[in-house]
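# A structural walkthrough
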Amino acid sequence: MKTFPGDEIYMDNNATTKVAPEVVEVMMPYLTDYYGNPSSMHVFGGQVAEGLKTAREQVARLVGADPEEIIFTSCGTESDSTAVLSALQVSADKRHIITTRVEHPAIKTLCENLEALTGHKHRVTRLKVDADGMIDMDEYAKALTEDTAIVSIMWANNETGVIFPVEEMARLAKERGVLFHTDAVQAVGKIPINLKESAIDFLSLSGHKLHAPKGVGVLYIRRGTPFVPFLAGGHQEKGRRGGTENVASIVGLGRACELAAEKLEEENTRVKALRDKLEHGLLSNVPRSMLNGHTTERLPNTANISFEYVEGESILLHMNRHNICASSGSACTSGSLEPSHVLRAMGVPFTAAHGSIRFSLSVYNTEEEVDFVVGKIPEIIESLRKMSPFWPGEET
Ligand SMILES: *Cc1c(COP(=O)(O)O)cnc(C)c1O
């Protein structure tokens, strides 16, 4: 058996990504020689501030924003909370939030907590999704009311890769005078984004999902959007987010955004082709397997596949023996084996939701890896089904 790290077949890039070597390289000086505080008046601090300035420009370029519209945060979760809580404060008379049933816990849990807050009476509409994981635009249009403070809808789903038409949704919100936030953590670097041509007011992204380190994120705030900071403190980020900047990681994130722009084409050609090969290989070689999520409106790197009558966790354990890393659709994080809220919202049957595996690729994956996985998984599934008392056979 091979050992980690270095021998892993890493197909869990929606959970986190490898830090690109080019990113590590630009970070190193800020962890060694350039340790000044970017807010200091001396030249030594000023040199560090230059690093932040460059990073802000690099991030802005990737998403088609102005550098002044970019604030650095500690993670995607912080960016999500900041946007929603700000909107609720700037329009304190409005108490309604629109979101979806398939959001990441960063928005899902925040909304649950807001509803539970006593004395605040926040009302949350969670839009349904169909069997493809897609939203009904009519339901959305009807949900927008005078009382709506903010719409928060993810650009791409972390579990299925399904892409929502957030630009269209943001235009509709703008027409009704409602602020629009999108959690674009999974979309940035995988699909083209141009905020200048959109009506989106807030966008969240996270470093560790695009080959930068963990613990750094960005909130885009459209110029002119009323805003209340989440972290009050010093005048960092022009008073929009207190706290001394995580300079090395921010510099790394800037470089990662530059690389993502260069590799966007490869992501949508080579990586997508690898994903398709993996997907077709598994669906055609494993009986009673199915794809979860829209076939075309989907990120180029993600394939969420259900293998009926097997437990996702058991599949992962067997994959582990071959150093294959992926995720299951059961929320093992909560200590239970509840199928994910995303698959449940899509109406995926229990027997299929329990055996779902998310494969998420990156530019670091190779065709050999895909061939290896397509060769191994059918054996794994077959052996697990042989042991299952519930397996009804291929034909039923
Ligand atoms: C990973 C992720 C987040 C959270 O980002 P962190 O930087 O880990 O806090 C939020 N939303 C989506 C869609 C994600 O995939």
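Source: prediction; values computed, not measured. The numbering scheme is per chain: residues are counted from 1 as the chain's sequence reads. It should be noted that, the model being predicted, local features are given only for residues of pLDDT at least 70 and side-chain atom pairs only at 80 or more, the latter also being counted only at that level, while totals for whole chains, interfaces and linings use all residues. Each side-chain value is derived from all of the structure's non-hydrogen atoms; neither hydrogens nor water enter the calculation.

## Here we look at the packing of helix α7 (residues 247–285) against helix α11 (residues 367–387)
Put simply, the test is: Geometry is summarised by axes, namely lines fitted to C-alpha atoms with helices restricted to the contacting stretch, and by angles between N-to-C directions that run from 0 to 180 degrees. Secondary structure elements follow DSSP: runs of H or I no shorter than four residues count as helices, runs of E no shorter than two count as strands, and numbering proceeds from the N terminus. For classification purposes, angles smaller than 35 degrees are called roughly parallel, those larger than 145 roughly antiparallel, those between 65 and 115 roughly perpendicular, and all remaining angles oblique. Each crossing is labelled by how the near helix is turned from the far one, with a counterclockwise turn of less than a right angle marking it left-handed and a clockwise turn marking it right-handed. We call two residues in contact whenever any of their non-hydrogen atoms come within 4.5 Å of each other. In this classification, Asp, Glu, Lys and Arg are treated as charged, Ala, Val, Leu, Ile, Met, Phe, Trp, Tyr, Cys and Pro as nonpolar, and every other residue, Gly included, as polar.
Axis separation between α7 and α11 bottoms out at 9 Å; the angle between their running directions is 15°. On the basis of their axis angle, the class for α7 and α11 is roughly parallel. In the packing of α7 onto α11, the handedness of the crossing is right-handed. Counted together, Leu-274, Lys-277, Leu-278, Gly-281, Leu-282 and Asn-285 of α7 and Glu-367, Val-370, Asp-371, Val-373, Val-374, Ile-377 and Pro-378 of α11 form the full contact between these two elements. Classifying every residue of the contact of α7 with α11 gives eight nonpolar, two polar and three charged.

## Quick look at helix α2 (residues 43–63)
Selection criterion: Here the expected span of a helix is defined as 1.5 Å times the quantity of residues minus one. Exposed residues in this analysis have more than 50% of their type's maximum accessible area, buried residues have under 20%, and partly exposed residues fall in between, with area computed by a 1.4 Å probe over protein chains only.
With 21 residues, α2 should cover 30 Å at 1.5 Å per step; its first-to-last C-alpha distance of 31 Å lies within 8% of that length. Every buried residue belonging to α2 is among Gly-45, Val-48, Gly-51, Leu-52, Ala-55, Arg-56, Gln-58, Val-59, Ala-60, Leu-62 and Val-63, and all of these are buried. Buried residues along α2 sit against α1 (21–31), β2 (70–73), β7 (202–206), β8 (217–221) and α7. Looking at the residues trailing α2, positive phi occurs at Gly-64, about 65°.

## What to know about the nonpolar core
The following threshold applies: Definition used in this section: a nonpolar core is a set of buried Ala, Val, Leu, Ile, Met, Phe, Trp, Tyr and Cys residues joined via side-chain atoms within 4.5 Å. Domain ranges listed in this record stem from an automatic or a database domain assignment.
Ranked by size, the top nonpolar core spans 69 residues in total, and within it Tyr-140, Ile-153, Trp-155, Phe-164, Phe-180, Leu-203 and Leu-253 carry the most contacts. Tallying contributions element by element places α7 first for this core, with nine residues. When we break this core down by domain, the ones giving at least three residues each are domain 1 (21–262) and domain 2 (264–387). The residues contacting Leu-253, other than those within four sequence positions of it, are Val-59, Phe-72, Leu-205, Gly-207, Leu-210, Ala-212, Val-216, Gly-217 and Val-218. Core analysis: the second largest hydrophobic core is formed by 27 residues, Ala-326, Ile-357, Val-363 and Leu-384 among them.

## Re the domain arrangement of the protein chain
One frequent convention defines the size of an interface as the accessible area lost when the parts assemble. How we decide: Each of two parts loses accessible area, computed with a 1.4 Å probe, when they are put together; buried area is these two losses added. Salt bridge, as applied in this entry: a Lys or Arg side-chain nitrogen positioned within 4 Å of an Asp or Glu carboxyl oxygen. Polar contact criterion, stated in full: a pair of N or O atoms within 3.5 Å, where within protein one must be able to donate a hydrogen and the other to accept it, and residues adjacent in sequence count only if both atoms are side-chain atoms.
Assigned domains within the protein chain: domain 1 (21–262) and domain 2 (264–387). One C-alpha centre belongs to domain 1, the other to domain 2; they are set 28 Å apart. Taken together, the contact between domain 1 and domain 2 spans 30 residues of the former and 23 residues of the latter. Both faces combined, the contact of domain 1 with domain 2 buries some 2,100 Å², and carbon together with sulfur accounts for 61% of it. Among the residues of domain 1 in contact with domain 2, Glu-159, Thr-160 and Lys-190 are the three that bury the most area, contributing 31% of the side total. Counting the contacts that link domain 1 with domain 2 gives zero salt bridges. Here domain 1 and domain 2 share ten residue pairs in polar contact (both at pLDDT 80 or more) between them. Counting residues per element, the side of domain 1 that touches domain 2 draws most heavily on α7, at three residues. Here the side of domain 1 that touches domain 2 is composed, by residue class, of 13 nonpolar, eight polar and nine charged.

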